[in-house]
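These are the residues of each chain, in order.
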Amino acid sequence: MTDMNALLEPGNLVRHPDRPDWGVGQVQSNIAGKITVNFREAGKVVIDGNRIALDPVFEG
């Protein structure tokens, strides 16, 4: 898992680097490298944190 993925926790906002069409997603869980994210345009997706480095989003 990337260092940034290891820091993700429920409630954090992220984007998938290869799927900008999914929009911003909210982390639901981060367990053993499996990150569940609820994306605005794609719904709930489980990401392999060892393969994909999610991009954090800092929105006000």
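Everything below is about the structure shown above.
Along every chain, residues carry numbers that run from 1 in the direction the sequence is written. Only residues with pLDDT of 70 or above have their local features reported here, since the model is predicted, and side-chain atom pairs are shown and tallied only from 80 upward, although totals for entire chains, interfaces and linings are computed over all residues. Water and hydrogen atoms were dropped before computing side-chain values, which therefore reflect all heavy atoms in the structure.

## Describing the environment of asparagine 5
(1) Moving on: Secondary structure elements are defined from DSSP: runs of H or I of at least 4 residues count as helices, runs of E of at least 2 residues count as strands, and each element is numbered from the N terminus. Positionally, asparagine 5 belongs in helix H1 (residues 3-7).
(2) Moving on: Taking the C-alpha atoms as reference points, asparagine 5 and leucine 54, separated by 49 residues in sequence, lie 6.6 Å from one another.
(3) Moving on: By definition, residues are in contact when any of their heavy atoms lie within 4.5 Å. Not counting residues within four places of it along the chain, the set of residues in contact with asparagine 5 comprises Asn30, Ile35, Gly49, Ile52, Ala53 and Leu54.

## Digging into the pattern of salt bridges
(1) Moving on: When a carboxyl oxygen of Asp or Glu is within 4 Å of a side-chain nitrogen of Lys or Arg, the pair counts as a salt bridge. Going through the model one piece at a time under the given rule, you end up with two salt bridges.
(2) Moving on: Across the pair arginine 19 and aspartate 21 runs a salt bridge, and its minimum N-O distance is 3.5 Å.
(3) Moving on: The cut-offs for exposure are 20% and 50% of the maximum accessible area for each residue type, with area from a 1.4 Å probe on protein chains only; residues under the lower value are buried, those over the upper are exposed, and the others partly exposed. By relative accessible area, which is 35% here, arginine 19 ends up partly exposed.
(4) Moving on: Overall, aspartate 21 belongs to the partly exposed group, its relative accessible area being 48%.
(5) Moving on: Between aspartate 48 and lysine 34 there is a salt bridge, with the nearest N and O atoms lying 3.9 Å from each other. Highlighted residues: aspartate 48 in strand E4 (residues 43-48) and lysine 34 in strand E3 (residues 34-39), separated in sequence by 14 residues.

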